[in-house]
Structures are given as structure tokens and as C-alpha cells.
Amino acid sequence: MAIKSNLDAVNDALRTAMKKDDRVVVLGEDVGALGGVFRATAGLQKEFGEKRVFDTPLAEAGIVGTAIGMAMYGLKPVAEIQFMGFIFPALNQLFAHAARLRNRSRGRFNVPLVIRTPWGAGAGALEHHMESTEALLTQIPGLKVVAPSTPYDMKGMLLAAIEDPDPVIFLEHMRIYRAVKGEVPEGHYTVPLGKSEVVREGKDITLIGWGYMRHLAMHIADLLAEKGIDAEVLDLKTLAPLDSKTILASAMKTGRDIILHEAPRTCGLGAEIAAICSECGLLSLKAPVERVTGYDITMPLRMSEKLNIPDEARVLEAVDRVMNF
Amino acid sequence: MILGKYDPLKGEKFCMIDENGIAKEVASLPDAEKLKALYCDMVKIRAMDDKAFSLQRQGRLGTYGQLKGSEAVQVGAAHAMEKDDWLVPSYRENGLMHLRGVPLSSIYLYWAGNELGAKFPEGSKILPFSIPVGSQMLHAVGLGMAANIRGDKAAIVTCFGDGATSEGEFHEAMNFAGVFNSPTVFLCTNNQFAISFRSTKQTKTPTIAQKALSYGFEGIVVDGMDAVAMYQTVSEALAKARMGGGPTFIEAVTFRLCDHTTSDDASIYQDPKEVAMWQARDPVVRLKKYLTSANLWKQEDEEKLTTDVKKAIDEAVAVLGSANKPTPEDLFGFTYAVQPQLDWQLRDLKGVIERKSHGN
Ligand SMILES: Cc1ncc(C[n+]2csc(CCOP(=O)(O)OP(=O)(O)O)c2C)c(N)n1
């Protein structure tokens, strides 16, 4: 099997989907000749032509709104929003239309649309290029939101997202675009949406993360193993709808949960996960569910960015609190 | 009168000094002092911009978008603006912002990713850098609406690129400006690229300026590599705004003689022949040609200018090197005016930093 970066896995998935299904089209800012600012769509325009891979005017509402129309016509548009921080002009289209056309038309129309967008901090980028606003999107019934963190999942879940009959927001963490590599099978395969995955089994404590945080959690689990603490790591993978079953099973098994996310703490996904654990698993819990998250502030600029990203020190302190409760 | 004389629908474009440094109507040029000042400031902002690029390459700044090719737009506008005029920039107006009073060191600090660089001098009517493309022009229009409500004689310049004119918010800004007669000068730097995307594909209209007509106000296409034309056009549009004449749209046609930002590689999509053609129209070289041929500029002047510019830049770089890093208070302190609910989080961060510094 080939070893690929997350970025190359995205490119591979798009190419695979476009070969398999001529309804798949790719659109967005700079996705054509340039191949995207990260090169996620590199080579696609050359291979599939300007009709199926095209640059649009610089307008996010335009990109998403027209992609909704294309999807209702029967195409399978994969739209790129250049950075998650710039999805906001399109929010009206997502909230008012993409998410509810199925409902509003009583099932006559559906919107098989994928929106790919790079997200997350830690790459030392400019303001608005380091956002984690996933919870704003998971609050919208009708949208699926996924955030894979390994090349295998990146490809398999992107293929699944393209085949999904409903709109999917596909989040690609910038910090691990190139830094994380892994085995990626040739050709077509899918990894189901809506499922979280225990990526490391343990019995003492559960660490939950997605995107870069999943990799931090694995690193922490290694450190804890040296201290004799057996940590389980849950890669959330799909953020909406949540896989409550898998979340709960792990919480009930270890009795100790720590959720890591880059997004601000208040009303972040950590709050929802903690609520699931307390609603359904209270008697199995051995300690309060902890959250290690971004603070409730505007993401600091590059020089101080890392102060607002959960790191080893902060997670280890949380582990201490939970283990010694 | 320049506005109204050049019809964008007829493909007319205003220019005073052509690419060979030849003035069309010498009698209509500003005085020698102004011409020299325009030139000196172009040299200055080009040098500070080049320095920013090399600082980025040394890892001392983060991503930086150069302004090379647009010096005449920024210097022309800076000289046209009066003390009380407002500036609502994008991320590329580093030269204009500096000439309007933002210290060079602040600009370098900001792009280094230090919040302290975002603190512009108290009282300056300059809004912060705005990175979400196409969003800030509405604020300019609103400033003007407020001035109208208060009966003040204000004028606002808002800057953006060709790509920005595709965003919905741009069109809302144009419509509001017309409807409310906001004293706003829309200054569009058409550097012909939005990252890799050509301005000719951004819109089906042959010019961007002509869009102003459909919003009910004047639009003009100007040679954006001609500092004199830029200075005169923006001056006239601002004077009109202050007199209650409402908004104007200026499309300054230039060419991006650099990458989009330091993260970009324009060689993938720019045609070297076309780049060479536009390099030959260089705004800085062009005005120098005119000044030299008119006997207004000598080698000693150039030498003195080079020394002065270098000194100013060295001073700014020294400040960059010695500046404090933002403290946790700097990061928390401006989220709300009053923020008791964040106090525990601030304490948490300080505690983490403290414990890390003690190595446990
Ligand atoms: C709303 C939004 N979408 C996308 C981006 C990413 N982006 C940054 S600059 C840019 C191109 C802007 O082109 P233009 O308006 O012509 O200005 P220029 O950069 O050429 O000065 C893009 C797409 C952004 N900053 N904001």
C-alpha cells in the first residue's frame, strides 16, 4: 500500500471519485490551474477538464449557493472553501437551504453536496486561517460534519461523503495536512460517516479528539503508558451526527473521559459529549468529565497561537485531576 | 475635472504620466515638491515592502502579502487624503497605512503575529487590517452614513482588490453607498489577480468601474501605475465626498509584480512575458524618469533618499527585534470591555505558563 499524506489522500479521493462517477464536479477559489492553495486539487483540472474542475469568482455564498443548485440538478459538487474562517458568507446558504431543502420539499429534493475546508490552528497562519468553528456547524440539523485525521480515513470518508445523499462539511486539519502520513489503499473504498472509532484500547481513561487533537491524544496515551496508566483514545471522526453509542461505550468502560478540542470551551462539542456521558452513563463515571479546550477568546495571532491550543502540559494536568479525583 | 471625463463604458482610462515617463499635459501636473514627494514615498514603501519579504524569509514575520506594483495607488491615495479622512484597508495597504501614520514597526510586528502591532496610534482614523475579502467596505459606507447623520463633513477611503468585487458584501456596500449618499471612495486595486484567478474571469463586464453606474454613482478607470493620476483622482473624489457629492468608485489598474503572499508561487500561473511587459511600466521607475527628464531629481537626491529610507527601516526592524511578546492579559483583555466570566480562564493560562517555566 502507498504511504500518503493527508493532503495526498484528499487528492487521491477526489481523483478516484471523479473517475468513478462523471457527476462529480470540483469547484472553488483557485482549485483549477493552481490546484488549490494547499494543492489538494492539484492535477485534477488537467485530468478531468475545465468543465468538471473549475475556479469560481471569489464569493463563498456564490460557491455554496450554486453548488446547491447543481446538486439538486443531479450533479455531485465538491466545493472548496479556501479556509474555514471564510465559510461565513456561505452560512446563510448552508443553514437556510442546504440543510433543509430535503425537509422543505418533503423529500422531493436532496442536496448531495460536499464542502471541503481546511481548519485548525498550529500552522502559524494569519488571522482567520486558524479557526475551529465546527460547533457552529454541528448545531445545524441536516448537515453532516466530519473531521478525519489520518490519510486512510481522509480518503475513505471523502469518498463516503461524496456518495452521501445529504450535505457534508468535510474538515481537513491544516496542521496535519503534510505532517501526518499513513497507508492508503489504491482505488475505491469508503469509511462510513457517523461512526467514531476507538483507535487505541485502554481501560483507565478515555481521551477524545478529532483532527490534530486525535494525534495529541495518541501521544499523551504513549506518555501515560510509561506511567502505568492505560489510556483509550477515541477518534471522533464524525462530529455530526454524533456517534453517541461509541462515545458512551468508552466512557462506561473507563469511567474517565477527557475531551480535547481547539475550539472555544463554551458550547463546544466537548460540552455535548460530556452531556451524553452524564445523561446516559452517570453511574459508570469515576470522575467528572474534563474538557481541555481553546479559551473563550479570539484566536491569538501566530506568535501566541500555541498558548490557545491544548498541549501536552495542559492535558497531563487534566489527566492528573481525573485520575486523582 | 477628472471624474465624469473618462467613461468606463467607452474603455477610457485616466493617465497623466505614461509608462515612458512622459507627461501628457505638463500644465496640469502638481507642483515639483508634490511630484518629488510622491516619488520618495513610493521608494520608501517599496523598500519597506521588500524588507518585509526578506524578514518573512528569515522566519521573523509570518505570511506577508507584498504590494509590489501598487505603489502608485497607495502613495497617490495617501497624498490625496486629508488629516480627518478615514481609511478602511484590506491586508495589502501596508504602504498606505504607514503613510497615514501607522509606524512601520507596528506593521512589522503585526505581520510577525504580535497583537501589540495592531495597536495603532490613538486617534488615528484607520481601521485594522481586514483579511476576510470583500467585507470591510460596508464599514466604510457605515462610517459615511454616520457622518451624514451627524452632519459632519467626512470622507472615507476603502481599499480592496479585484477579487473582492465578487463578494456579495461588496455589492451591498455599493448599493448602500448610493442609497445613503455615503461619502465613500471605493478604491479598487485591480492588480489583475485574486491569488491565481484572473480579474477578467471575476466578472463579465470589461471594467470593474462600470459597476458603479448601476449603483447610481461615478466610476472611473485610472492607470494604477501612475502616481500622479492616482493622486489627482483620489483628491477629486474625496473633495466631492466632503462636499456632499456622495460615493465614487476608482478602479486602479495595475499588475501584481510579486507572489500573492509569501505562501504563494506565482510562477505556476503568471506568464513571464506578461510579467516583463508590466515590469516595464513600473510605477516607481516611471515617475523617476519624468523627474529626471524634467531636471527635478539628481543623483544626490537619490542617494540621500536611499540613506533616509534605510535608516527608517533599520529603526523599525530594531523595534521588531526588541518588542515584548503579548502577555496572557494582552490575549484576553480585549475580548469584552468587562469580562469577569473569563477571569478563571486567564488565571488558568497564567498558571500553565508559570508551571511550564518551572519545568513541571
Ligand atoms: C472571504 C474570503 N475568502 C477567501 C479568502 C482567501 N483569500 C485571501 S486573498 C484572496 C484573493 C484576493 O484577491 P483580490 O481581492 O483581488 O485582492 P489581492 O489579494 O489581489 O490584493 C483570497 C481568495 C479570504 N481572505 N477571505
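Draft legend 1. Focus on the overall build of chain A. Broken down by element type, chain A carries 11 helices and 14 strands. Since a compact globule built from 325 residues should have a radius of gyration of about 20 Å, the 19 Å found for chain A is in line with a globular shape. When its C-alpha atoms are laid out on the principal axes, chain A stretches across 60 × 40 × 40 Å. The buried share of chain A, taken over its 325 residues, is 63%. The contacts in chain A between residues at least 6 apart in sequence include a share of 83% that link residues at least 24 apart. If you average the places of the 37 positive and of the 41 negative side-chain charges in chain A, the two averages end up 4 Å apart.

Draft legend 2. Up close: the site of the ligand. Neighbouring residues of the ligand: 20 residues in total, closest Glu60(A), Tyr91(B), Arg92(B), Gly163(B) and Phe193(B). Neighbouring residues of the ligand are not confined to one chain but are distributed across chains A and B. Interatomic distance of 2.9 Å between a backbone N/O atom of Val133(B) and a nitrogen atom of the ligand. When the ligand sits alone it has 580 Å² of accessible area, and the protein chains cover 95% of it.

Draft legend 3. Region of interest: the domain arrangement of chain A. Residue and element names in this part refer to chain A. By domain assignment, chain A separates into domain 1 (2-184) and domain 2 (197-323). Of note, the centres of domain 1 and domain 2, computed from C-alpha atoms alone, are 26 Å apart. Taken together, the contact between domain 1 and domain 2 spans 28 residues of the former and 25 residues of the latter. The interface formed by domain 1 and domain 2 contains 1 salt bridge. Note that Asp-153 is salt-bridged to Lys-237, the shortest N-O span being 3.3 Å. Between domain 1 and domain 2 we count 12 residue pairs in polar contact (both at pLDDT 80 or more) in total.

Draft legend 4. Main features of the pattern of salt bridges. A complete count under the given rule lists 39 salt bridges over all chains for this structure. Taken together, the shared-partner salt bridges in this structure form one network comprising Lys4(A), Asp12(A) and Lys155(A).

Draft legend 5. Region of the structure containing the packing of helix 9 (residues 244-254) of chain A against helix 10 (residues 269-281) of chain A. Residue and element names in this part refer to chain A. Here helix 9 crosses helix 10 at 65 degrees, and the two axes come no closer than 10 Å. The orientation of helix 9 with respect to helix 10, classified from their angle, is roughly perpendicular. When the axes of helix 9 and helix 10 are compared, the crossing they make is right-handed. Here Ser-244, Ile-247, Leu-248, Ala-251 and Met-252 of helix 9 come into contact with helix 10, specifically with Ile-273, Ile-276, Cys-277, Cys-280 and Gly-281. Taken together, the residues that form the contact of helix 9 with helix 10 break down as 8 nonpolar, 2 polar and no charged.

Draft legend 6. Quick look at a nonpolar patch on the surface. A surface patch of nonpolar side chains, about 290 Å² in accessible area, is lined by Phe176(B), Val179(B) and Phe180(B). For Val179(B), a relative accessible area of 56% translates into the label exposed.

Draft legend 7. Focus on the interface of chain A and chain B. At the junction of the two partners, chain A supplies 32 residues and chain B supplies 42 residues. Here chain A packs against chain B, burying approximately 3,200 Å² in sum over the two surfaces, 62% of which is carbon and sulfur. Taken together, chain A and chain B are joined by 2 salt bridges. At the junction of chain A and chain B, the tally comes to 11 residue pairs in polar contact (both at pLDDT 80 or more).

Draft legend 8. Quick look at the sheet that holds strand 2 (residues 156-161) of chain B. All names here are of chain B. Pairing is parallel in the open sheet, where 5 strands are placed in the order 1-2-3-7-6. At either end of the open sheet lies a strand with only one pairing partner, and these are strand 1 (86-88) and strand 6 (218-223). Across the sheet, the axes of successive neighbouring strands diverge by a mean angle of 20 degrees, strand direction being ignored. The sheet contact formed by strand 6 and strand 7 (residues 248-253) spans 6 bridges and is parallel. Within strand 7, the position partnered with Ile-220 by the bridge is Ile-250.

Analysis parameters
Residues numbered from 1 in each chain as written. Chains lettered and ligands numbered in written order. Predicted model: local features only at pLDDT ≥ 70, side-chain atom pairs only at ≥ 80, totals over all residues. Heavy atoms only, no water. Helix = DSSP H or I, 4+ residues; strand = E, 2+ residues; numbered from the N terminus. Rg over C-alpha atoms; globule rule 2.2 N^0.38 Å. Buried < 20%, exposed > 50% of the residue type's maximum accessible area, 1.4 Å probe, protein only. Contact = heavy atoms within 4.5 Å. Lys, Arg positive; Asp, Glu negative; His and termini not counted. Charge placed at Lys NZ, Arg CZ, Asp CG, Glu CD. Near = heavy atom within 4 Å. Polar contact = N/O pair within 3.5 Å; in protein donor to acceptor, adjacent residues only side chain to side chain. Areas by Shrake-Rupley, 256 points an atom, 1.4 Å probe, with all protein chains shown as cover. Domains from an automatic or database assignment. Salt bridge = Lys/Arg side-chain N within 4 Å of Asp/Glu carboxyl O. Axes fitted to C-alpha atoms, helices over the stretch in contact; angles between N-to-C directions. Parallel < 35°, antiparallel > 145°, perpendicular 65-115°, else oblique. Left-handed = near helix turned anticlockwise from the far one by under 90°. Nonpolar A, V, L, I, M, F, W, Y, C, P; charged D, E, K, R; others polar. Patch = residues over 30% accessible without salt bridge, like charges linked within 9 Å, V, L, I, M, F, W, Y side chains within 5 Å. Buried area = accessible area lost by both parts, 1.4 Å probe. Pairing = 2+ DSSP bridges.

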